[in-house]
Number of protein chains: 2
Amino acid sequence: MTETVLVDGRAQESVSVRDRGFLYGDGLFETIAISRGVPLLWEYHMRRLVRDARRLGIGVPDMEQLRREADHLIAGRERAVLRIVFTRGSGSRGYAAPADLSPTRVVSIADWPSHPSGAGDQGVCVRFCRTRLGRNPALAGIKHLNRLEQVLARAEWENGATEGLMLDDRDRVIEGTMTNVFAVRDGALVTPDLAESGVAGIMRELVLELAALQYTVRVEALTREQALVSDELFLTNSLIGVWPVNRLEGRERSVGPVSRRMQQLLRETGAVA
Amino acid sequence: MTETVLVDGRAQESVSVRDRGFLYGDGLFETIAISRGVPLLWEYHMRRLVRDARRLGIGVPDMEQLRREADHLIAGRERAVLRIVFTRGSGSRGYAAPADLSPTRVVSIADWPSHPSGAGDQGVCVRFCRTRLGRNPALAGIKHLNRLEQVLARAEWENGATEGLMLDDRDRVIEGTMTNVFAVRDGALVTPDLAESGVAGIMRELVLELAALQYTVRVEALTREQALVSDELFLTNSLIGVWPVNRLEGRERSVGPVSRRMQQLLRETGAVA
């Protein structure tokens, strides 16, 4: 049988009930696109994982070890999704964690998910979620395992929309449930500031870098109203690259030149599957 | 070997890496005091578990089954802590959960924790945490598994304080990292409103019920300043009952008559171990 999960390097599909990932969501994860047998943007993912582990005070991951385990699971696969979970470790009870806790790493591989056909070309239909994102600077930006807000938001709809945009309590658009969001307004490319809420995605980071070479780019608050009247709107994550939004809250939108240009630049850099 | 963990009724100490409790903290927990072989306030815990499961859209637990499993683990123990984890289930990837997912239940038993000696009699030393609680009405009050805020807050200190009080972004005291908080001010017993943040503890609920028979009780905002100048301050949870605060941010406080009366009432009702 082909192995699909390694827990601390061993082929197994379970973790301890005392793992702090299970007890408190006390850990991090990365979702990495595998294309032609290669993990895309590996260095970006590792840089974020290390940064976030430091922010949470979790031991720093051994990146070469993670890469060996990733390569072991990737072997023989062309296109797939690699997931890395990195928790504070197992064995302690209560919120206080012993300093000598050894982090748990779970590396797993899965088939490429089924996305709506033509999502990148024609764009996707998007809605606003009722579930709000709480604000917490200590956790903002981190791709941690406390994801109940996203779970509740995603449960709001079944069909009709591909993604939902989440607002904070001040009616500011922060992100999609599984994507970051960009808007074109007043000639500039704008993406929400994530100082208080949201996940700072790898693809968001790359799009910001690439766009800065030819557009005015601003990281700032984006209100619900500003998103609705923006010239263009697109979504990003590591698996989809750029998805233009062709419908928001029932209103049709055209796919604009900035969205197309960013898709082209990502293809040229080999950053998308 | 004595069993200490049952996962879906089976003696094992692990859960699937695909369990949504591990993936997203997508679940609930209860921590129940066992005294003289009996789980205290069982009905209160079950009522909250059912209420919270409904709020998260998780299937409702079978309470008789949980009780049978609890009794199996309790057998032969006088004093212990029972923990129930109830997650949305295992097997799906992505935030969207299939409607037919079967919840996972983990029932486990552990030794009674070591608390500071004399904490109930003499009181405990308490500090304010720097880590703030985010505000989210959709999750407020629920004893869910997204507990990174508490983990980060508890990591702020090692010795010197027994508990830390957590504020929201408006400088309102919400709760301790593992306790609820009550203050006596202007002749009334006040506990913070948990409509936007915090965990609605079982012991908090019982204290509110008992106190209403003889005191003016108010559930309302409690600022940091109001907590500092309050006449009495005490902490509650299912294991400790009532702990008076005898020191807050370095200032000594006396243990007052309301704290003592609530301890007495809890003893009389048999609600504490």
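First, a word on what this report is: a plain description of the structure on this page. For clarity, every value in this text was computed on a predicted model and none was experimentally measured.

Calculation rules
- Residues numbered from 1 in each chain as written.
- Chains lettered and ligands numbered in written order.
- Predicted model: local features only at pLDDT ≥ 70, side-chain atom pairs only at ≥ 80, totals over all residues.
- Heavy atoms only, no water.
- Contact = heavy atoms within 4.5 Å.
- Buried area = accessible area lost by both parts, 1.4 Å probe.
- Salt bridge = Lys/Arg side-chain N within 4 Å of Asp/Glu carboxyl O.
- Polar contact = N/O pair within 3.5 Å; in protein donor to acceptor, adjacent residues only side chain to side chain.
- Core = buried A, V, L, I, M, F, W, Y, C linked by side-chain atoms within 4.5 Å.
- Buried < 20%, exposed > 50% of the residue type's maximum accessible area, 1.4 Å probe, protein only.
- Helix = DSSP H or I, 4+ residues; strand = E, 2+ residues; numbered from the N terminus.
- Disulfide = S-S within 2.5 Å.
- Least-squares fit on C-alpha atoms with pLDDT ≥ 70 in both.
- Phe/Tyr/Trp six-rings, centres within 6.5 Å; stacked < 30°, edge-to-face > 60°.

On to the interface of chain B and chain A. Facing the 50 residues of chain B at the interface are 50 residues of chain A. For the pairing of chain B and chain A, the buried interface totals around 4200 Å² over both sides, and the portion due to carbon and sulfur atoms is 62%. Together, B:Phe22, B:Tyr95 and B:Leu148 form the three largest contributors to the area buried by chain B at its contact with chain A, with a combined 20%. At the boundary of chain B and chain A, one finds four salt bridges. Between chain B and chain A we count 17 residue pairs in polar contact (both at pLDDT 80 or more) in total.

Moving on to the nonpolar core. One finds A:Val15, A:Val106, B:Val15 and B:Val106 to be the most contacted residues of the largest nonpolar core, which totals 26 residues. Listed by contribution, the elements that provide at least two residues to this core are β1 (5-7) and α1 (20-24) of chain A together with β1 (5-7) and α1 (20-24) of chain B. When sequence neighbours within four positions are dropped, the list of residues in contact with B:Val106 reads A:Val17, A:Phe22, B:Val5, B:Leu6, B:Val7, B:Val15, B:Arg83, B:Ile84 and B:Val85.

Moving on, we come to the state of the cysteines. In protein chemistry, a disulfide is the covalent bond that joins the sulfur atoms of two cysteines. All told, the structure shown has zero disulfides over all chains when counted by the stated rule. In this model B:Cys125 remains outside any disulfide bridge; the closest cysteine sulfur is found in B:Cys129, 12 Å from its own.

Here we come to the environment of B:Leu56. With respect to the helices and strands, the residue B:Leu56 is situated in helix α2 (residues 42-56). Judged by relative accessible area, which is 3%, B:Leu56 ranks as buried. For the pair B:Leu56 and B:Leu66, spaced ten residues apart in the sequence, the C-alpha separation amounts to 19 Å. Setting aside residues up to four positions removed in sequence, B:Leu56 forms contacts with A:Leu148, A:Leu152, B:Gly27, B:Leu28, B:Arg88, B:Leu139, B:Ile142 and B:His144.

Of the transformation placing chain B onto chain A, the axial shift is 0.0 Å and the rotation is 180 degrees, giving an RMSD of 0.0 Å. Within this description, the copies of the chain are treated as partners about a two-fold rotation axis.

What follows is about the packing of aromatic side chains. Under the criterion given, the structure shown has six aromatic pairs over all chains. Here the aromatic rings of A:Phe29 and B:Tyr24 are separated by 6.5 Å at their centres, their planes lie at 75 degrees, and the arrangement is edge-to-face. Of this pair, A:Phe29 sits in strand β4 (residues 27-35) while B:Tyr24 sits in helix α1, on two different chains. Judged by its relative accessible area of 4%, A:Phe29 is buried. Judged by relative accessible area, which is 4%, B:Tyr24 ranks as buried. With 4.9 Å between their ring centres and 55 degrees between their planes, B:Tyr24 and B:Tyr95 make a pair best called tilted.

Throughout the structure, instances matching the rule amount to 38 salt bridges over all chains. Note that A:Asp169 is salt-bridged to A:Arg135, the shortest N-O span being 2.8 Å. Note that A:Asp169 is positioned in the loop between β9 (163-167) and β10 (173-176) and A:Arg135 in the loop between β8 (124-128) and α5 (148-154), a separation of 34 residues in sequence. Classification of A:Arg135 as buried rests on a relative accessible area of 12%. Notably, a salt bridge pairs A:Glu196 with A:Arg135, separated by 3.4 Å at the nearest N-O pair. A residue pair is termed long-range when its members are at least 10 positions apart, and A:Glu196 in the loop between β12 (188-191) and α6 (202-211) and A:Arg135 in the loop between β8 and α5 qualify at 61 residues. Under the relative-accessibility criterion, A:Glu196 is labelled partly exposed at 28%. Sharing partners across several salt bridges, the network here consists of A:Arg135, A:Asp169, A:Arg170, A:Glu196, B:Arg135, B:Asp169, B:Arg170 and B:Glu196.

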